[in-house]
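Now for the letters of each chain:
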Amino acid sequence: MENLRPIPVQDITREVARLCREANTVLPDDVRSALNQAARLERSAIGRDTLHAILDNAAYAQEAGLALCQDGGVTIVFVDIGEHVHITGGLLSDAVNQGVAQGYSQSFLRGSILDRPFGGRNTGNNTPAIIHTRIVPGNRLTITVLPKGGGADNGSRLTMLIPADGWPGVREFVVDTVKRAGASSCPPLIVGVGIGATFDSVGELAKRALLRDVGTGHPDPMVVQWEKECLEEINRLGIGPQGYGGTVTALAVHIEIAPRHIASIPVAVNLQCHSARKGVSIL
Amino acid sequence: MTVKTITCPIEDPNELRELNAGDQVALSGRLLTARDAAHQALHQLLQDGRPLPVNLKGQVLYYVGPAPAPPGLPIGSAGPTTASRMDVYTPELLDQGIVATIGKGQRSSAVKSALIAHGAVYFGAVGGIGALLARHIRSATPVAFEDLGPEAMYELEVDHFPVIVLVDCSGGDLYELGPSAYRTRL
């Protein structure tokens, strides 16, 4: 037990609150440079104007401390807990939710969570968060906050393909998901794809694919090739920024893979709008 | 491209007939907001044959649930939400007198038919630029369903609020016309 490193819950709450504020008001550098590059590549004039408006919004939101988008989304919090960490003074989930409540209330971010599927009330402070935990080696605690807007999650899909469908079946499902979502998921998109694992796990795999810096390829060269194929096909759809027509419908496709059952190819496609907000802190 | 200016609410809906899909328009005057829960509430009142809390004649309905106003500002970030979630309610609200809606994303064919029948239009505001759009909003006053929080109906006073015509009075649809020039894959 002498190797355990104590981390008080107050530290977790404080960091989560800070990340909620930062993520919602400051567009990450990787997303900005991807948007800048898109503005140079986009062939449609209205598409370029739209990309410039998105970049102007990011600059103004940061300067004024305003939410990039009124939809601060569902607050998804990934916590990687080093096996030598001992969280003290309370429960991790309470600490995270207090951080979300403080971050959203104090920074004038919209509460977007109803407490029940039907007949519910808005909880007002965006709690509860969705919390994904993993036990990892070491004595650090890594918190990643991903505010996930409703429009892009609504365009997301999950399917259970079979081995005969193969990679072409997966690619078609990915491209078709983007096509169906059209303008509603606020393109240009970042397309998170999970392939493998099981029905319950593949959705999280797709969501974790969104945590990568935009356009950072997968370590496996074959997966990088799949990512390129999907991106090229998606950008041939002509949807363009905001669906007004153009050559940049997606900024990147990020694929994560996992082992699978011999009978199944679970595929999840999680769409991320251009307001690709995230914040990371290591305690 | 020249930007047309329109004053809201719209006294003479005939001026909407001059608009074509893809036109840029600046809206000044007053807009009404409503999103999912407010639409459900309005629908319930209509079902029950009860009066609506606001007169919808000539109104432009903006699909938005704004972020709370920080100190010194009239409103927080306030960009459009996805319009298709309102599709099932839109025809009956057109019957009640609204002449335009503002949102993002494709509308159903039923909504497009209703827009043509009423000579109404569907405007788009760019999604995800709510901080910039809020600069065109001078005031926000709750007018109905206040208990719904961000989903309440507000009256927004706007100044040159930038929109684009997504579906015009003849059913011309920018989401069909725009992408067709760049589509190389079905």
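Residues numbered from 1 in each chain as written. Chains lettered and ligands numbered in written order. Predicted model: local features only at pLDDT ≥ 70, side-chain atom pairs only at ≥ 80, totals over all residues. Heavy atoms only, no water.

> Please explain the overall build of chain B as it appears in this structure.
Counting its regular elements, chain B contains five helices and seven strands. Starting at the N terminus, the α and β elements of chain B follow one another as β-β-α-β-α-β-α-β-α-β-β-α. Scaling as 2.2 N^0.38, a compact globule of 186 residues should have a C-alpha radius of gyration of about 16 Å, and chain B matches this with 16 Å. Its C-alpha atoms give chain B principal-axis dimensions of about 45 × 40 × 35 Å. Of all 186 residues assigned to chain B, the portion counted as buried reaches 58%. If you take every contact in chain B between residues at least 6 apart in sequence, the share linking residues at least 24 apart comes to 62%. Looking at chain B as shown, the accessible area adds up to about 7500 Å², and 49% of this sits on carbon and sulfur atoms. Chain B carries 14 positive and 19 negative side-chain charges, and their two centres are separated by 7 Å. (Helix = DSSP H or I, 4+ residues; strand = E, 2+ residues; numbered from the N terminus. Rg over C-alpha atoms; globule rule 2.2 N^0.38 Å. Buried < 20%, exposed > 50% of the residue type's maximum accessible area, 1.4 Å probe, protein only. Contact = heavy atoms within 4.5 Å. Areas by Shrake-Rupley, 256 points an atom, 1.4 Å probe, with all protein chains shown as cover. Lys, Arg positive; Asp, Glu negative; His and termini not counted. Charge placed at Lys NZ, Arg CZ, Asp CG, Glu CD.)

> For this particular structure, what's the right way to read the environment of isoleucine 113 of chain A?
All names here are of chain A. Here isoleucine 113 is to be found in the loop between α4 (92-106) and β4 (130-136). For the pair isoleucine 113 and asparagine 126, spaced 13 residues apart in the sequence, the C-alpha separation amounts to 5.3 Å. When residues no more than four places from it in sequence are discounted, the contact partners of isoleucine 113 are Gly73, Val74, Arg121, Asn122, Thr123, Asn126, Thr127 and Pro128.

> How do you make sense of the interface of chain B and chain A when you look at a structure like this?
How big an interface is tends to be stated in terms of the accessible area lost upon association of its parts. Of the residues lining the interface, 42 residues belong to chain B; the matching set on chain A comes to 43 residues. Counting each side, the surface lost to burial between chain B and chain A is near 3400 Å², with a carbon and sulfur contribution of 57%. Inspection of the region where chain B meets chain A yields two salt bridges. For arginine 185 of chain B, the salt bridge goes to glutamate 233 of chain A, with nearest N and O atoms at 2.4 Å. At the level of elements, α4 (130-134), β7 (153-167) and α5 (174-180) of chain B are the ones that each hand at least two residues to the side of chain B that touches chain A. Looking at the side of chain B that touches chain A, the element that brings in the most residues is α5 of chain B, giving four residues. Within the side of chain B that touches chain A, the residues separate by chemical class into 22 nonpolar, 13 polar and seven charged. (Buried area = accessible area lost by both parts, 1.4 Å probe. Salt bridge = Lys/Arg side-chain N within 4 Å of Asp/Glu carboxyl O. Nonpolar A, V, L, I, M, F, W, Y, C, P; charged D, E, K, R; others polar.)

> Mind showing me how you'd approach unusual backbone geometry here?
Outside of glycine, negative phi angles account for most residues, and trans bonds account for most peptide bonds. Of note, the amide linkage connecting threonine 127 of chain A to proline 128 of chain A takes the cis form, showing an omega dihedral of -5 degrees. Here proline 187 of chain A and proline 188 of chain A are connected by a cis peptide whose omega angle stands at 10 degrees. Along the chain, proline 188 of chain A falls in the loop between α6 (166-181) and β7 (189-197). Here cysteine 186 of chain A, not a glycine, exhibits a phi torsion of approximately 60 degrees, which is positive. By the secondary structure assignment, cysteine 186 of chain A is in the loop between α6 and β7. Here cysteine 186 of chain A falls in the buried class, since its relative accessible area comes to 6%. Although it is not a glycine, phenylalanine 145 of chain B adopts a positive phi angle of roughly 55 degrees.

> Would you mind going over the pairing of β7 of chain B with me for this structure?
In summary, the side chains of a regular strand alternate between the two faces of the sheet. All names here are of chain B. Bridging between strand β2 (residues 24-33) and β7 involves eight bridges; their strand directions are antiparallel. Counted as the bridge partner of leucine 31 is leucine 156 from β7. Pairing of strand β5 (residues 121-124) with β7, which is carried by three bridges, proceeds in the antiparallel orientation. Along β7, the bridge assignment pairs glycine 124 with isoleucine 164. As judged from the six bridges shared by strand β6 (residues 137-144) and β7, these two strands associate in the antiparallel manner. In the strand pairing of β7, isoleucine 137 is matched with valine 158. (Pairing = 2+ DSSP bridges.)

> When you look at helix α2 (residues 29-41) of chain A in this model, what are you seeing that I'm missing?
Helical periodicity: at 3.6 residues per turn, an α-helix aligns residues three or four positions apart in one direction. All names here are of chain A. Between the first and last C-alpha of α2 there are 18 Å, a value that for 13 residues agrees with the 18 Å anticipated at 1.5 Å per step. The set of residues buried in α2 consists of Asp30, Val31, Arg32, Ala34, Leu35, Ala38 and Ala39. Residues of α2 that are buried sit in contact with α3 (45-64) and β8 (250-260). (Expected span 1.5 Å × (residues − 1).)

> Is there a simple way to think about the environment of leucine 41 of chain A in this case?
Structurally, the position occupied by leucine 41 of chain A is in helix α2. Here the alpha-carbon distance between leucine 41 of chain A and glycine 246 of chain A, two residues 205 residues apart in the chain, equals 10.0 Å.

> Explain the side chain of threonine 249 of chain A here, please?
Residue and element names in this part refer to chain A. Residue position: threonine 249 is located in the loop between α8 (221-235) and β8. Of the polar contacts made by the side chain of threonine 249, one reaches the backbone nitrogen of isoleucine 239; its length is 3.4 Å. Apart from residues no more than four positions distant in its own chain, threonine 249 is found in contact with Val178, Pro187, Pro188, Leu189, Ile234, Asn235, Gly238, Ile239 and Gly240. (Polar contact = N/O pair within 3.5 Å; in protein donor to acceptor, adjacent residues only side chain to side chain.)

> Would you explain the nonpolar core in this entry?
Across soluble globular proteins, nonpolar side chains have a tendency to be buried as a group. Grouped together as the largest cluster of nonpolar side chains are 87 residues, with contacts concentrated most on Leu16, Leu27, Ile102, Phe123, Met153 and Phe161 of chain B. Here the element with the most residues in this core is β7 of chain B; it accounts for ten residues. Once residues lying within four places of it in the same chain are set aside, the contact partners of methionine 153 of chain B are Leu32, Thr33, Ala34, Ala38, Leu42, Val54, Leu61, Thr141, Pro142, Val143, Ala144 and Phe145 of chain B. Core analysis: the next-biggest nonpolar cluster, separate from the first, contains 27 residues, Ala181, Ala250, Val253 and Leu271 of chain A among them. (Core = buried A, V, L, I, M, F, W, Y, C linked by side-chain atoms within 4.5 Å.)

> Which parts of the structure should I look at to understand the packing of aromatic side chains?
Two descriptors summarise a pair of aromatic rings, namely the distance from one centre to the other and the angle between the planes of the rings. Considering all chains together, one arrives at three aromatic pairs over all chains under this definition. A ring pair is formed by tryptophan 167 of chain A and tryptophan 226 of chain A, whose centres lie 5.0 Å apart and whose planes are at 15 degrees; its orientation type is stacked. In this pair, tryptophan 167 of chain A sits in helix α6 while tryptophan 226 of chain A sits in helix α8, placing the two residues 59 residues apart along the sequence. Classification of tryptophan 226 of chain A by relative accessible area gives partly exposed; the value is 21%. Between the aromatic rings of tyrosine 62 of chain B and phenylalanine 161 of chain B, the centroid separation amounts to 5.2 Å while the plane-to-plane angle is 65 degrees, which identifies the pairing as edge-to-face. You can see tyrosine 62 of chain B sitting in strand β3 (residues 60-62) and its partner phenylalanine 161 of chain B sitting in strand β7, a full 99 residues away along the chain. You'll find tyrosine 62 of chain B and phenylalanine 161 of chain B in the same group, each marked buried. Looking at arginine 107 of chain B, its charged tip hangs above the ring of tyrosine 122 of chain B, at a distance of 4.8 Å from the centre. A cation sits over an aromatic face here: arginine 135 of chain B above tyrosine 60 of chain A, 4.1 Å from the ring centre. (Phe/Tyr/Trp six-rings, centres within 6.5 Å; stacked < 30°, edge-to-face > 60°. Lys NZ or Arg CZ within 6 Å of the ring centre and 35° of its normal.)

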